[in-house]
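A look at the structure
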Amino acid sequence: MDVEGLSGKATLETVTDMRRWTDALFSFKTTRPKDYRFSAGQYARLGLPSGEGILWRAYSIVSAPHEDYLEYYGVLVPGGAFTAILKDIEPGDTLWTDKQSFGFMTPERFADGDDLWMLATGTGLGPFVSILRDALVWKKFRRLIVVHCVKHAAEFGYQEQLLSMRGEHRSDDAELTIIQCVTREPPTGPLQLTGRITTLLYDGQLEQAAGIPMTVESSRIMLCGNPEMIEETRRILHQRGMRPCRRALPGQFVTENYW
Ligand SMILES: Cc1cc2nc3c(=O)[nH]c(=O)nc-3n(C[C@H](O)[C@H](O)[C@H](O)COP(=O)(O)OP(=O)(O)OC[C@H]3O[C@@H](n4cnc5c(N)ncnc54)[C@H](O)[C@@H]3O)c2cc1C
Ligand SMILES: NC(=O)c1ccc[n+]([C@@H]2O[C@H](COP(=O)([O-])OP(=O)(O)OC[C@H]3O[C@@H](n4cnc5c(N)ncnc54)[C@H](OP(=O)(O)O)[C@@H]3O)[C@@H](O)[C@H]2O)c1
């Protein structure tokens, strides 16, 4: 392993906290280099030694840009080379962190809009937690709607943290709505919907649950997680006259595929 070569592009950070939500879902925190810069919604590249080299994988940052640590939300992928190592990390262990941050799924991409919809499957919720921990979206939008879709209700990570955010903001800040969707068991609470994001968007249930329509004029949408969910949602949004944000062209949605 060429550690000398690596130190030009990455820093070795120490794990300071590990939280296990289920057998497969976990969150961990690491130290943050003083000069590490990122915007809420971006991701880091993490490196772990494996055999002769370092394995690198992208991880969305869950902590906010003003916090002095880096936090991530991960799922153990059966047979996955990186998560096979990552699942066992404990406080005191180290991992490499690329000095650069990456990604374009940030709220700054939207030039206008009243309502920000954040649609996530699984660990795709992570960047939205970072975005909500940052003050910007609470001032920029009137309504913030988080939609989190998981297979089983036990996989709703960060829900208490999201709920508590509602009480932490001023009355003239945006209003936060949290919609939980569960696909492989009956809903366990009155505020849960049954079904995939795509189905619930297509048949109008998401808008009904949020109490507002999704429109070209007022809605801005972020999609994160499962690439098939993103592709299918993209098609539905296109049918509604919405377009992705491009470098020079304002649009209604931005996306981040996890694989
Ligand atoms: C921009 C970006 C951001 C990412 N952010 C995160 C993150 O915040 N948290 C996270 O857990 N992963 C995230 N990933 C995925 C992550 O980089 C790895 O793919 C994941 O850790 C699995 O690595 P692996 O080597 O164990 O398996 P891999 O060989 O990399 O993946 C094997 C398969 O596992 C499935 N898979 C991978 N990641 C996920 C996931 N998160 N949820 C559901 N299925 C998955 C896919 O089917 C994939 O083909 C992100 C990926 C990208 C491109
Ligand atoms: N999450 C866990 O606790 C857990 C436990 C054991 C293993 N794993 C492994 O971790 C990996 C990721 O699992 P995950 O459940 O976090 O992620 P996922 O497979 O992306 O599923 C997350 C949610 O996205 C939905 N979804 C899948 N495809 C979709 C599509 N095309 N359109 C709309 N929605 C779609 C799923 O609905 P459907 O249910 O309808 O597919 C599910 O509700 C898998 O390899 C899994 O085997 C996870």
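Along every chain, residues carry numbers that run from 1 in the direction the sequence is written. Both sets of labels track the order of writing: A upward for chains, 1 upward for ligands. Local features are withheld for residues below a pLDDT of 70 in this predicted model, meaning they are given only at 70 or higher, and side-chain atom pairs are given and counted only at 80 or more; totals for whole chains, interfaces and linings count all residues. Side-chain metrics in this entry use all non-hydrogen atoms of the structure; hydrogen atoms and water are not considered.

1. Examining the site of ligand 1
For ligand 1, the set of nearby residues contains 18 residues, the closest of which are Ala58, Tyr59, Tyr73, Phe82 and Thr83. Identification of polar contacts relies on pairs of N or O atoms within 3.5 Å, with a donor-acceptor requirement for protein atoms, meaning one able to donate a hydrogen and the other able to accept it, and with residues adjacent in sequence counted only if both atoms are side-chain atoms. In the model, an oxygen atom of ligand 1 is placed 3.5 Å from a nitrogen or oxygen of the Gly80 main chain. Residue composition of the shell around ligand 1, by class: 10 nonpolar, six polar and two charged. Start and end points for every domain follow an automatic or database-based domain assignment. The residue makeup of the shell around ligand 1 includes at least three contributed by each of domain 1 (3-98) and domain 2 (107-257). Throughout this document, a residue counts as near a molecule or strand when at least one of its heavy atoms sits within 4 Å of that molecule or strand. When residues are sorted by character, Ala, Val, Leu, Ile, Met, Phe, Trp, Tyr, Cys and Pro go into the nonpolar class, Asp, Glu, Lys and Arg into the charged class, and all the rest, Gly among them, into the polar class.

2. Remarks on the site of ligand 2
As a matter of local geometry, ligand 2 sits amid 20 residues, with Lys151, Thr183, Arg184, Arg196 and Asn226 nearest to it. Contact distances for ligand 2 include 3.1 Å between an oxygen atom and a side-chain N or O atom of Lys151. Separating a nitrogen atom of ligand 2 from a side-chain N or O atom of Glu232 is a distance of 3.2 Å. Where accessible areas are quoted, they stem from the Shrake-Rupley method and a 1.4 Å probe; at the residue level, only the protein chains shown are allowed to cover. Protein coverage of the free-state accessible area of ligand 2, which is 870 Å², stands at 78%. Put simply, DSSP H or I for four residues or longer makes a helix, DSSP E for two residues or longer makes a strand, and each gets a number counted from the N terminus. Ranked by the residues each element gives to the shell around ligand 2, the list is headed by helix H8 (residues 227-239), at three residues. When its residues are assigned to classes, the shell around ligand 2 shows nine nonpolar, five polar and six charged.

3. Some thoughts on the nonpolar core
Within the largest apolar cluster, 29 residues are counted, with the highest numbers of intra-cluster contacts made by Met118, Leu132, Leu144 and Met222. The element best represented in this core is helix H3 (residues 126-133), accounting for four residues. Here this core spans two domains, since at least three of its residues come from each of domain 1 (3-98) and domain 2 (107-257). Setting aside anything within four residues of it in sequence, one finds Met118 in contact with Phe128, Ile131, Leu132, Leu144, Ile145, Val146, Val147 and Met222. For our purposes a nonpolar core is just a set of buried Ala, Val, Leu, Ile, Met, Phe, Trp, Tyr and Cys residues, chained together by side-chain atoms within 4.5 Å. Remark: exposure states derive from per-residue accessible area (1.4 Å probe, protein chains only) relative to the maximum for the residue type, with buried under 20%, exposed over 50%, and partly exposed in between. Of all hydrophobic cores here, the second largest spans 23 residues; its members include Trp117, Val147, Ile179 and Ile212. By definition, residues are in contact when any of their heavy atoms lie within 4.5 Å.

4. Section: the sheet that holds strand S2 (residues 25-31)
Whenever strands of a sheet pair, they do so through backbone hydrogen bonds, lying parallel or antiparallel. The six strands are arranged S4-S3-S6-S1-S2-S5 in an open sheet whose pairing can be described as antiparallel. Each end of this open sheet is capped by a strand with a single partner; those strands are strand S4 (53-60) and strand S5 (69-75). Put simply, the sheet's adjacent strands are angled 40° from each other on average, direction ignored. Of the pairings in the sheet, the one linking strand S3 (residues 43-50) to S4 comprises eight bridges and is antiparallel in character. A pair of strands counts as paired when DSSP detects no fewer than two bridges linking them. To get an axis, fit a line to the C-alpha atoms, keeping to the stretch in contact for a helix; angles then go from 0 to 180 degrees between the N-to-C directions.

5. Quick word on the packing of aromatic side chains
Aromatic pairing here means that ring centres of Phe, Tyr or Trp (its six-membered ring) are within 6.5 Å. Orientation follows from the plane angle: under 30 degrees is stacked, over 60 is edge-to-face, and everything else is tilted. What the rule picks out here adds up to nine aromatic pairs. Members of the aromatic cluster, each reached through a chain of ring pairs, are Phe26, Phe28, Tyr59, Tyr72 and Phe82. If you follow Lys9 out to its NZ or CZ, it ends over the ring of Trp56, 4.2 Å from the centre. The criterion for a charge sitting over a ring is simple: Lys NZ or Arg CZ within 6 Å of the ring centre, and within 35 degrees of the ring normal.

6. A look at the sheet that holds strand S8 (residues 143-150)
Reading across the sheet, the six strands line up as S10-S9-S8-S7-S11-S12 and stay open at both edges, with parallel pairing between neighbours. With one partner strand each, in any of the chains shown, strand S10 (192-194) and strand S12 (253-257) form the two edges of the open sheet. Along the sheet, successive strands turn relative to each other by an average axial angle of 15°, direction set aside. Bridge analysis of S8 against strand S9 (residues 175-182) gives eight bridges, and the strand direction is parallel. Residue pairing for S9: Arg143 is matched across the bridge by Glu175. The sheet strands contacting helix H5 (residues 159-166) are S8 and S9, and the helix crosses S9 at an angle near 155°.

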